[in-house]
Amino acid sequence: MAEEVVLLDFWASMFGMRTRIALEEKRVTYDYRAEDLWNKSSLLLEMNPVHKKIPVLIHNGKPVCESLIQIEYIDETWPDKNSLLPSDPYKRAHAKFWADFIDKKVNVTARRIWAAKGEEQEAAKEFIEILKTLESELGDKKYFGDETFGYVDIALIGFYSWFGVYEKFGNISIESECSKLIAWAKRCLDRESVAKTLPESEKVATFVSDCRKKLGLE
Amino acid sequence: MNQEEQVKLMGLWGSPFSKRVEMVLKLKGIPYEYIEEDVYGNKSPMLLKYNPIHKKVPVLIHNGRSIAESLVIVEYIEDTWKTSHKILPQDPYERAMARFWAKYVDDKVMLAVRKACWGPESEREKEVKEAYEGLKCLEKELGDKLFFGGDTIGFVDIAADFIGYWIGIFQEASGVTIMTAEEFPTLQRWSEDFVGNNFIKEVLPP
């Protein structure tokens, strides 16, 4: 049967970026459908009725929601190329722990830097601490997955395209505080899957400016 | 079995997260040493060593290495002890669905119920509504199945242990009603079957 893979996504979403990178790593051909988050399509509402959010991966008509779950699904469905998760149970658990850490800590704090008035400085300080914890986990490894680019790298790298936004509103310099993490991000950008997926910082900055206007923050 | 191979679980007797791991260890017949942690009082040096990031339970220690976060631990157990009671399906799509619903229980339902029961009075109505809707969504997902996992207890059932046992206690203690047998006959039936399972019963608090 011919495979049909569709991805409902929004270009600036660091979560959607995860799924795109995973699909690219596996060389899976897919149909990218851009969603307007202020005017969600009936397909999105049908395929993700519970959360009504992107990204939604639709494989042969069946939807898979939640980006980390999508990465695992992609890894299990197309196992031949570029394993995204380790096969060793302990290393898998370790990777899932850190992806869970990223989901629980990075986004919530980062959002407060640009989307919550009066919380910028405090959130920025917390954000740096979180990045330092991740940097400590990375250590001297090439990737979070050691020699292999994988699950944790994919979970985090999308946020790099938003670093300019966090620096601007949080009045911080991520490069000076977490230079090893920046070096890691640049190594990831050398990969075609990442380079093709991450948007330009300036484009994200313009988008955030528009969002802030809509939220009445500027 | 040498010392290192032995499974140790650091837990808290009243925690649904801790119990998730114990339930799976029991279902799979894996012997383990249980270590009760005084999480709200004095966190032990062992906990701080094995879970320095979150300093929380449950923490599983196996072959000298630690794993934290209850659902991550459950998947580790599933990946490591392949022979007995399967918690996750084999098919990648079914696995993705199980992970989705387990995450839904964690991120939406449990949080909403806790906020509804223990949160500020001013937010109560909103949180009760959210908890109610979350539970309705789960009731619909369960449908005619015996368990969320089908004929046997699976990943989502384990994740939803809170609903099986703790929700009744929370409602009684807080005076907030969210889930009644009349409004949620399917979840009520599931609850009784879940809690009635011999392995589950063995680990539930008295």
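Draft legend 1. View of the interface of chain B and chain A. Counting from both sides, the interface comprises 25 residues of chain B and, opposite them, 26 residues of chain A. Counting the contacts that link chain B with chain A gives seven salt bridges. Seen at the junction of chain B and chain A, the total is eight residue pairs in polar contact (both at pLDDT 80 or more). Of all elements in the fold, only strand 4 (65-68), helix 3 (70-80) and helix 4 (92-118) of chain B reach the threshold of two or more residues within the side of chain B that touches chain A. Broken down by element, the side of chain B that touches chain A gets its largest block of residues, eleven residues, from helix 4 of chain B. For the side of chain B that touches chain A, the per-class residue count stands at 13 nonpolar, four polar and eight charged.

Draft legend 2. Expanded view of the pairing of strand 3 (residues 59-62) of chain B. Residues and elements named next belong to chain B. Both faces of strand 3 are covered, namely the face carrying Val59 and Ile61 and the face carrying Leu60 and His62. Of the pairings in the sheet, the one linking strand 1 (residues 8-11) to strand 3 comprises three bridges and is antiparallel in character. Across the sheet, residue methionine 10 finds its bridge partner in strand 3, namely valine 59. As judged from the four bridges shared by strand 3 and strand 4, these two strands associate in the antiparallel manner.

Draft legend 3. Expanded view of the sheet that holds strand 2 (residues 31-34) of chain A. Residue and element names in this part refer to chain A. Strand order in this open sheet of four strands is 2-1-3-4, and the pairing throughout is mixed. Since the sheet does not close on itself, it has two edges, and those belong to strand 2 and strand 4 (62-65), each with one partner. Strand-to-strand twist across the sheet, computed as the mean angle between neighbouring axes with direction ignored, equals 20 degrees. The sheet strands contacting helix 1 (residues 14-25) are strand 1 (5-9), strand 2 and strand 3 (56-59), and the helix crosses strand 1 at an angle near 155 degrees.

Draft legend 4. Spatial organisation of the side chain of serine 67 of chain A. Mapped onto the elements, serine 67 of chain A comes out in helix 3 (residues 67-77). Engagement of the side chain of serine 67 of chain A in a polar contact is seen with the side chain of arginine 18 of chain A, the distance being 2.9 Å.

Draft legend 5. Main features of the confidence of the model for chain B. With 98% of its residues at a pLDDT of at least 70, chain B reaches an overall mean of 94. The complex prediction reports pTM at 0.96, with the ipTM value standing at 0.95.

Cut-offs and rules
- Residues numbered from 1 in each chain as written.
- Chains lettered and ligands numbered in written order.
- Predicted model: local features only at pLDDT ≥ 70, side-chain atom pairs only at ≥ 80, totals over all residues.
- Heavy atoms only, no water.
- Contact = heavy atoms within 4.5 Å.
- Salt bridge = Lys/Arg side-chain N within 4 Å of Asp/Glu carboxyl O.
- Polar contact = N/O pair within 3.5 Å; in protein donor to acceptor, adjacent residues only side chain to side chain.
- Helix = DSSP H or I, 4+ residues; strand = E, 2+ residues; numbered from the N terminus.
- Nonpolar A, V, L, I, M, F, W, Y, C, P; charged D, E, K, R; others polar.
- Buried < 20%, exposed > 50% of the residue type's maximum accessible area, 1.4 Å probe, protein only.
- Pairing = 2+ DSSP bridges.
- Axes fitted to C-alpha atoms, helices over the stretch in contact; angles between N-to-C directions.
- pLDDT = per-residue confidence, 0-100.

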